[in-house]
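Letter by letter, the chains look like this.
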Amino acid sequence: IQLPLIGSIYVSEKTLDEATLFLVNNFKKELLRPDLFINVAKPRPILISVIGEASRPGIYSLDKDKDQYQDSGFPTVIDAIRKSGGFTQSANLKEVMLVRKINGKDGNFKKAKLNLLELMIKGDQSHNPYLMDGDIINLTKATSNESIDPSITKSNINPEFISVQVVGAVNNPG
């Protein structure tokens, strides 16, 4: 960012508190008592990946202005799964993995196992955390003995309607 008195300053990959402290320390060289507050005017879209047993696995951009998600302003795991078209019949909803890069130069990742059945049946919101840029949601495949109640696939996570294309030697392709 460009600032009067101190010039160009890089604040990428800093929290609001870290950026504020960093800027105050830089302004102290020019001002006696720098008083500074930073807030986010508009959150930028975040990029996340949904892989595994999603209807449309891939990389998705979640933007509050374009996507509909909770009033908090931050997208959740369920918002990302909805954007990817929901989960397949063979998804293991008891073991959904959320992988997040930990800040720092080490490039370490943190993994959390989420149970979406607890969320959908009991309403346990601890299994629906907010997402951050770069998160990966892995919908793992269920083993043959982990069958899911078919009523779960009718939840509002999966789309209400699906599109089907008919092609080939038929009277009305489309």
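Residues numbered from 1 in each chain as written. Predicted model: local features only at pLDDT ≥ 70, side-chain atom pairs only at ≥ 80, totals over all residues. Heavy atoms only, no water.

*Asks:* Could you clarify how one ought to interpret the side chain of Ser-84 in this entry?
*Replies:* Looking at where Ser-84 falls in the secondary structure, it is placed in the loop between α2 (77-83) and β5 (91-101). The class of Ser-84 is buried, set by a relative accessible area of 0%. Here Ile-81 takes part through its backbone oxygen, which lies 2.8 Å from a polar atom of the side chain of Ser-84. Leave out the neighbours within four places in its chain, and Ser-84 touches Val-50, Ala-54, Ser-55, Arg-56 and Tyr-60. (Helix = DSSP H or I, 4+ residues; strand = E, 2+ residues; numbered from the N terminus. Buried < 20%, exposed > 50% of the residue type's maximum accessible area, 1.4 Å probe, protein only. Polar contact = N/O pair within 3.5 Å; in protein donor to acceptor, adjacent residues only side chain to side chain. Contact = heavy atoms within 4.5 Å.)

*Asks:* Help me understand the packing of aromatic side chains, please; the structure alone is not making it clear to me.
*Replies:* Any pair of aromatic rings gets described here by the distance separating the centres and the angle formed by the planes. In the structure shown here, the tally under the stated rule is 0 aromatic pairs. One residue, Lys-14, lies across the ring of Phe-22, its end atom 4.8 Å from the ring centre. (Phe/Tyr/Trp six-rings, centres within 6.5 Å; stacked < 30°, edge-to-face > 60°. Lys NZ or Arg CZ within 6 Å of the ring centre and 35° of its normal.)

*Asks:* Please clarify how helix α1 (residues 16-27) should be interpreted in this entry.
*Replies:* Given a rise of 1.5 Å per residue, 12 residues ought to cover 16 Å, and the 16 Å separating the end C-alpha atoms of α1 matches this to within 8%. Within α1, burial applies to Ala-19, Thr-20, Leu-23, Val-24, Asn-26 and Phe-27. The arc that holds every buried residue of α1, seen down its axis, measures 160°, which confines them to one face. The exposed residues of α1 that point more than 90 degrees off its buried face are Asp-17 and Leu-21. Those residues of α1 that are buried are in contact with β1 (2-3). (Expected span 1.5 Å × (residues − 1). Arc of directions from axis to C-beta.)

*Asks:* What's the story with the environment of Lys-111 in this structure? I'm lost.
*Replies:* Tracing the backbone shows Lys-111 in strand β6 (residues 109-114). Spatially, the C-alpha atoms of Lys-111 and Asp-135 are 10.0 Å apart, while their sequence positions differ by 24 residues. For Lys-111, the residues in contact, after removing those within four places along its chain, are Met-97, Leu-98 and Val-99.

*Asks:* Looking at this structure, I do not really get the sheet that holds strand β4 (residues 58-62). What am I missing?
*Replies:* For sheets, the rule is that strands pair by backbone hydrogen bonds, running either parallel or antiparallel. Sheet architecture is open: 5 strands sit in the order β4-β3-β7-β5-β6, paired in mixed fashion. Across the chains shown, the open sheet's two edge strands, defined by having one partner strand only, are β4 and β6. Between one strand axis and the next, the sheet turns by 25° as a mean value, whatever way the strands run. As defined by bridge partners, β5 adjoins strand β7 (residues 136-141) across 5 bridges and the pair is classed as antiparallel. (Pairing = 2+ DSSP bridges. Axes fitted to C-alpha atoms, helices over the stretch in contact; angles between N-to-C directions.)

*Asks:* What is the right way to look at the side chain of Glu-53 in this model?
*Replies:* Along the polypeptide, Glu-53 turns up in the loop between β3 (46-52) and β4. Although buried, Glu-53 forms no salt bridge, and the nearest oppositely charged side chain, Lys-141, lies 4.4 Å from it. In this structure, Glu-53 is in contact with Gly-86, Phe-87, Thr-88, Ser-90, Ala-91, Leu-139, Thr-140 and Lys-141, ignoring residues within four places of it in sequence. (Lys, Arg positive; Asp, Glu negative; His and termini not counted. Salt bridge = Lys/Arg side-chain N within 4 Å of Asp/Glu carboxyl O.)

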